[in-house]
Each structure stands twice: as structure tokens, then as C-alpha cells.
Amino acid sequence: MRKIWCLLKTAVFFSATILFVSACGGGSGGGTTPSTTLSGKAAAGAPIIGSVTIKDSTTPTAKTKTVPIAADGNYLVDVSDLKAPYMVRADGYVGGNEYHLYSASTSGGTVNITPLTDLIVANIVGSVAKTYFDNGSFSKLTDAQLTAQSEALKAKLLPVLQALGVSSSIDLLRASFSTDHTGLDAALDVLRVDTTAGVATITNVITNQQITSTLATGSYSGTMTDTNGMGTALTDIQMISDGFKRFSALFATSVPGEANATLLALFDSATFMQGGQTLTSFLSEITTNPSMIGISFANISIITFDVATGRALVGFTVFQHGKVQTDAPEAWYMIKKNGAWYMQGDQRLASISIKPRAEYRSQDTSSQISTGLNINIEDRGSQGITSAVVTGKGFTGGSVTMINQINQSWFVFQNTQLNNQNFYNMTDQQIGAIADTGEIYTVVLYKGTTPAATYTEKLRKRPYLNFELTAASFATITAPTPTALRAFNGGTITVSWTAPAGLTPNWLDFQMNDNSGNSSRAEYGSMLPTATSQNVTLQPVTSTGQTFTPTNRFIWFSFTDSFGRELATSM
């Protein structure tokens, strides 16, 4: 499945943040009667995948609690042992983009955490909400302040909200809503909030109208009165979401046929491209790979949307067995034709993925652990890409050149001193130059000496530092033993493992080869997150049917942490 995900991953992010708001009811939390719980939605155009942290007003040291966010964006925390007022922070991802959003409550109950609630708090305190949360000095926060700023923001957004069918009595801070691209969720799809140098800018991605808020004074400038196309956009966003639901349903319990009419109807065959592949090639892969069974495409969000031309860039999250696939695609382009929306893929000429990886080679006598970046570039559609230059932090000289290798399916480093093919081993000094989150890398693809395309990749988290890693950081392969592995000459063998808390199985690669270059391999990528063993069936037969006598056997098994960083064990 790794190859499928890498193929999909090359999509130019679909992170479409759609913010549509309908008449959702009021919700509790604004009164004076304290509640023993605090709950609500954490969303930014789609449910945030991550956690919520609450901080209370206990002095001199505030109490904190952290709870997970459910798949639909709901969170719930017991505040019976905490002191109001409370500040809350949602940390996580939507469509590959990282979010840290804030909100507040003076008495518990229902309190949402969205880009709008973050702005409400910022306008109260006169600075970014993060500073207020970190300082912990919010014991004097009042319900009147929260209500006043919520109403002030609603007044500026009211034309857009009403165009989306949202009641003028909506409470942006406390209203209950569903993350289904209707109501307040639809508004969150359409409205984007960006803060720079103490000024927050709210953009309607449908009309491109903007209003600004100066945080120091809490005052707004500009209007958002243009509602042309809002009704059409709402319908379009729901149509796009429904298309991904149909896509998910086709793979729920089996893989559909390549010629399945429902599947074909989702794509624009004339313009589709995914990592350089045509639609025919792409569908051939995903409909013949059993590891695609059980995937779902959810948390649809709008990155860009052009009503006039019928084009959009849409972000989404891929789940399998209930687990987020961090090496899966995160965005696709869409096109509207004859009143229907069709998927166009990532529109990239090649499959590109840059991910942090750490490796533990249990049988090595020295240098057992290494850490750095795995750079996976593949010319999956035979587009004639000959090389790529990757530029960013952590590389000696600031960049690396990779070349298309005929005997490999992926590009390898041109510098022969980098003998790990596509894994760039880094020192702690090199890793220290990389931002903890959100570091950007630029990839320029070449056909000969001519640049063919330029793309960017963003890390969710920097690689592990060397000093952060020990053998205990990695999964342990408990079977087969090294002796049993060396004796294996074909058939079925069981690979068993134990893994540290927080790691889930990602990819198992079992290989046999001889000294003449013959090899065979078995790959597994659809294991349950709770799996602790996998039966592997492999014979010493090459892809062309030639038998050989194995002289080497190799197991490479990677796990992922909550940020999608790989930790691989080999033996």
C-alpha cells in the first residue's frame, strides 16, 4: 500500500477549508450556572484530527487536561475538579495543514474551538490567543466579554452567514453544529482567518472579499457584503463531499472493478493525473491492491474555490482501519463539468514524498540507529523525469540531487557518498536547523537539463534527534529469530513484534536474494493498528519466474508515530 499512498500523496494539497454556517441551535455555556463538563466541536473547515487541552484559573499553578478529538470533531472534558474561567486549545491537522486554535469559557457547557473562536479571544485580550493561554492570567475573563466579541464578529460576517441560511441569532462561540458542510460548518468551510503582525484577516474564499481586525483594539475594517455565488458554492461543496463518500463506499469491504461505472464517474479522465499517472494506470493499481480495502476519504475541506471557472483544490484525510494514513494523499484538484464535480488528482508529474524516518538495524555491530529524511520520488507515469533537486534545511550545502535509477522504482542520491539510496542520514546539528513543525522543502523536477515542474512538501514534524532515540524507541521483531530467518528458503513464516506505546504498524517488507542479483519480496501494508503478527508467504522466484537459492534474507518493518514519522526496525 506504500506505493499506492505515495502515488496518491503526490497530490497538490486539497486542503479546501469550507466554512458554511446554517441555523444551528444556540447551545449552553453562556450562562452563570457552572457545568461539570466542557464540550463542543474542534473544527477548521473539517474536524481537527488531534487533541484538546484545557487550562484552568487555579493559582499559582494552573491545572491542565488533554483529551482526544473524536472523528466528528467532538471533544468532552470533565471540569468538576477545575476552576473557571477556562482556556482551551485544539492541536492537530486538517487536510495536511497544522492548526493550533483557541477558545474560552467562564462556566463550562458547550464551547467550540474554531478559527472564529480563536479570533474572538484574541480581540478580547488584544494579542494572539496563544500568548493569553500560555501566560495563564485569565481569571478575570467574563462571559460579557466573550459575548460582546462574538456578537461583534457575527455582525461583520452576517451577510455571508445569512446567504448560507444561518440564523441571525447564531452564537459563533457556543452553537452546537454538525461537521457535515452545512450550517456553521459550511461557514467554516468558506471563511479563512490568518493573523500577521497583530492584524487578523478574514477571507471569504468564494468571493475573495476580506475584512481585518486589529487585535490591539478589537476593531474591524472592511465589509463582507458580496454574497454572489454563495448558494451555488454551498451546493457545490456538498456535491464534492458526496463524491468522496461514494469513493469510500466502493472500498468499504472489497475493491471494485477497474471498469466500475460508479468509480469511473468520479473522475475526469481527460485531465486526471496523479503522480504522473493517467487515470487508467491509477485505477489499475488501486483496484488490484487488496490493501486498499477499508480505506475512507473524509474530513473534506476547501483550499481554493473558483465559482466562475468551476475549479477547486480540496483537502481530505485518508483513514484505514480507523487510523489516519499520514503517508496518504492530502489534496486533489476538482473540476466542474455539466453541473457535476470530477476528481483530477494532484496534477503532479511525479510522485513525491518527504518524510522523517529513523532506522534501527538490530544486527549491526555499530551505528545501529540513524535518523533523517526519506525522500521518495518516482516517475510513476513514465513522464521522462531524469532528476530532481530537493532544497531545504538540514542538507549539506542546502540541497541534494536525485537521479532516476533504471534498476530502482525510486530516485536515488546522485552523490555516491550518500549510499542509503533515498534516506538522508542527519546529525543533530543538521536536524536542529529544521523547524519543529511546518518546514518547507522545494522539489524541482528535470527532464535532462530542463526544469519540468516545481513542487513543495511540508513536514508535520522534524526528524527525531539522534539523542532522542534508543533501541527501546523502536519495535522489536520477536519472530523469526535471526537463526530461523537465515534458515528460511521459502514457504510461509510468521513475523511477530512488540512495539512501544504510540506506534502503529506501517509497512512490512520481507526479501530473499542471492549473490547474483536475483531477489523476491513480499510487502504488507494493510495491517490493523492493533496487529502483533503477520504471516508472510514467499518463494525464491524472481518476477520473471526464475528460481534461485537464497543466500540472504531481510526483514524491514516500519511503524509510525502520531506525527507520521517512521521508526523502522530491520534484521
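The model shown is predicted, which means the values in this text are computed figures rather than measured ones.

**Student:** Looking at this structure, I do not really get the sheet that holds strand β24 (residues 450–458). What am I missing?
**Tutor:** Backbone hydrogen bonds are what pair the strands of a sheet, in a parallel or an antiparallel way. Spatially, the five strands line up as an open sheet ordered β21-β20-β19-β23-β24, and their pairing is antiparallel. In this open sheet, the two strands that pair with only one neighbour each are β21 (411–413) and β24. Pairs of neighbouring strands in the sheet enclose a mean axial angle of 25 degrees, with direction left out of account. Here strand β19 (residues 387–391) pairs with strand β20 (residues 399–404) via five bridges, running antiparallel. Residue threonine 391 lies in a different strand from β20, and its bridge partner there is serine 399.

**Student:** Can you walk me through helix α2 (residues 115–125) in this structure?
**Tutor:** Side chains of residues three or four places apart in an α-helix project in the same direction, reflecting 3.6 residues per turn. Counting buried residues in α2 gives nine out of eleven residues, a clear majority hidden from the surface. Restricting attention to buried positions, one finds in α2 the residues Pro115, Leu116, Thr117, Asp118, Leu119, Ile120, Val121, Ala122 and Asn123. Capping of α2 at its N-terminal end is provided by threonine 114; its side-chain oxygen lies 3.1 Å from the backbone amide nitrogen of leucine 116.

**Student:** Looking at this structure, how should I read unusual backbone geometry?
**Tutor:** Glycine aside, the phi torsion of most residues is negative, and most peptide linkages are trans. Proline 60 follows threonine 59 through a cis peptide bond whose omega is 5 degrees. In this chain, alanine 479 is followed by proline 480 through a cis amide linkage whose omega measures 0 degrees. Along the chain, proline 480 turns up in the loop between β25 (476–479) and α10 (482–487). Non-glycine residue asparagine 338 carries a positive phi angle of around 50 degrees. Mapped onto the secondary structure, asparagine 338 falls in the loop between β15 (331–337) and β16 (340–345). A relative accessible area of 84% places asparagine 338 in the exposed class.

**Student:** Teacher, can you tell me more about the sheet that holds strand β8 (residues 191–196) here?
**Tutor:** Ordered in space as β8-β9-β10-β11, the four strands form an open sheet in which the pairing is antiparallel. Each end of this open sheet is capped by a strand with a single partner; those strands are β8 and β11 (219–221). Geometrically, the sheet is characterised by an average inter-axis angle of 20 degrees between neighbouring strands, direction not taken into account. Where helix α4 (residues 143–163) meets the sheet, it contacts β8, β9 (199–204), β10 (210–214) and β11, and its direction lies at approximately 15 degrees from that of β11.

**Student:** Honestly, the environment of threonine 549 in this entry has me stumped. Any pointers?
**Tutor:** Within the secondary structure, threonine 549 is located in the loop between β29 (533–538) and β30 (552–560). Take threonine 549: its relative accessible area is 61%, and that puts it in the exposed class. Separated by 493 residues in the primary sequence, threonine 549 and aspartate 56 have C-alpha atoms spaced 66 Å apart.

**Student:** Looking at this model, I keep getting lost on the packing of α2 against α4. Mind explaining?
**Tutor:** Helices that pack against each other are described as a pair by the angle of their axes relative to one another and the distance between those axes. In contact at an axis separation of 9 Å, α2 and α4 are set at 120 degrees when each is read in the N-to-C sense. In terms of axis orientation, α2 runs oblique to α4. The crossing of α2 and α4 is right-handed. In this structure, α2 contributes Leu116, Leu119, Ile120, Asn123 and Ile124 to the contact, and α4 contributes Gln145, Leu146, Gln149, Ser150, Leu153 and Leu157.

**Student:** So what exactly am I meant to see when it comes to the packing of aromatic side chains here?
**Tutor:** Between two aromatic rings, the relevant description is the distance of the centres plus the angle of the planes. For the structure shown, the criterion picks out 26 aromatic pairs. Where phenylalanine 316 meets tryptophan 332, the ring centres are 5.6 Å apart and the plane angle is 70 degrees; that geometry is what we call edge-to-face. In this pair, phenylalanine 316 is assigned in strand β13 (residues 311–320) and tryptophan 332 in strand β15, connecting sequence segments 16 residues apart. Taken together, the ring pairs connect Phe244, Phe247, Phe251, Phe267, Phe272, Phe282, Phe297, Phe316 and Trp332 into an aromatic cluster. Stacked on the ring of phenylalanine 177, the Lys or Arg lysine 41 has its end atom at 5.9 Å from the ring centre. Across from the ring centre of phenylalanine 563, 4.8 Å away, lies the NZ or CZ of lysine 461, which sits over that ring.

Rules behind the numbers
- Residues numbered from 1 in each chain as written.
- Predicted model: local features only at pLDDT ≥ 70, side-chain atom pairs only at ≥ 80, totals over all residues.
- Heavy atoms only, no water.
- Pairing = 2+ DSSP bridges.
- Helix = DSSP H or I, 4+ residues; strand = E, 2+ residues; numbered from the N terminus.
- Axes fitted to C-alpha atoms, helices over the stretch in contact; angles between N-to-C directions.
- Buried < 20%, exposed > 50% of the residue type's maximum accessible area, 1.4 Å probe, protein only.
- Polar contact = N/O pair within 3.5 Å; in protein donor to acceptor, adjacent residues only side chain to side chain.
- Contact = heavy atoms within 4.5 Å.
- Parallel < 35°, antiparallel > 145°, perpendicular 65-115°, else oblique.
- Left-handed = near helix turned anticlockwise from the far one by under 90°.
- Phe/Tyr/Trp six-rings, centres within 6.5 Å; stacked < 30°, edge-to-face > 60°.
- Lys NZ or Arg CZ within 6 Å of the ring centre and 35° of its normal.

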